[in-house]
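Inside the fold
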Amino acid sequence: MADVVRLDPHAYRRTPWKNGGGVTVDIADAYIPGAEPGSWSGMLWRLGRTEIVEPGPFSDLSGYDRILTVIGGRGLVLDIEGGAALDVREPYRPVRFRGEDRIVSRLEAGPVAVLNLIADRRHHIDVAILSGTDARAVDAPISIVYAVADSAVAVGEEMFSLGGDEALRLDGTAMLALRAGRAALATINSRSAP
């Protein structure tokens, strides 16, 4: 059974984007020993939310994988230099890309709020959007359940009521069931050595 810790939104850290173009709100993260929490140096993984209020270039996060999910608004397109655009016009559809991809955002319908999961390549990450009465076994060593809206979530036999922007950190395996609302499930696994 997983150890469950409620994450308090008042304790979320505000961190400037690496390119200085905005601020991310760090929900949960991990760093190598000795690294400064909130810095871009020594980061192992980070789950955060931010608002994109104007088009512009994304930060260079070479060596990291990223998953971005629109959780508010619509109409975001990510233009990748030398490649196809990533269509994130509709909310709640996670898209995956490399941190070194040179991306410029386009906003077709105004500002958007996004959830970002970023991890170095020693980790495998995933994001799933849960709605209705989704249920699933969670087998990642670390999982974060982030309430996009007011939600009721069962972890095993224990029920949690989460207001929008609240989160749970699960360390270990568990049966997870959404009873009401909408939540993002971010999972972080260490990759096996080749």
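Reading guide: rules and limits
- Residues numbered from 1 in each chain as written.
- Predicted model: local features only at pLDDT ≥ 70, side-chain atom pairs only at ≥ 80, totals over all residues.
- Heavy atoms only, no water.
- Pairing = 2+ DSSP bridges.
- Helix = DSSP H or I, 4+ residues; strand = E, 2+ residues; numbered from the N terminus.
- Axes fitted to C-alpha atoms, helices over the stretch in contact; angles between N-to-C directions.
- Salt bridge = Lys/Arg side-chain N within 4 Å of Asp/Glu carboxyl O.
- Buried < 20%, exposed > 50% of the residue type's maximum accessible area, 1.4 Å probe, protein only.
- Polar contact = N/O pair within 3.5 Å; in protein donor to acceptor, adjacent residues only side chain to side chain.
- Contact = heavy atoms within 4.5 Å.

Things to note about the sheet that holds strand E12 (residues 135-138)
Taken in spatial order, the four strands line up as E12-E17-E14-E15 in an open sheet, and their pairing is antiparallel. Each of the sheet's edge strands pairs with one partner strand only, and the pair in question is E12 and strand E15 (158-162). Within this sheet the neighbouring strands show an average axis-to-axis angle of 25°, counted without direction. Here E12 runs beside strand E17 (residues 174-180); their pairing, made up of four bridges, is antiparallel. Bridging from a neighbouring strand, Ala 135 pairs with Ala 177 of E17.

Some remarks on the pattern of salt bridges
If you walk through the whole model with that rule in mind, you get 17 salt bridges. As a salt-bridge pair, Asp 29 and Arg 13 come within 2.5 Å of each other at their nearest N and O atoms. Linking Asp 29 in strand E3 (residues 23-31) with Arg 13 in strand E2 (residues 13-16), this pair joins segments that are 16 residues apart in sequence. The class for Arg 13 is partly exposed, based on a relative accessible area of 28%. Across the salt bridge formed by Asp 126 and Arg 96, the nearest N and O atoms sit 3.3 Å from each other. A residue pair is termed long-range when its members are at least 10 positions apart, and Asp 126 in strand E11 (residues 123-131) and Arg 96 in strand E8 (residues 95-98) qualify at 30 residues.

Regarding the side chain of Asp 29
Polar side-chain contacts of Asp 29 include one of 2.5 Å to the side chain of Arg 13. Sequence-distant contacts of Asp 29, that is, excluding residues within four places in its chain, are made with Arg 13, Trp 45, Arg 46 and Arg 169.

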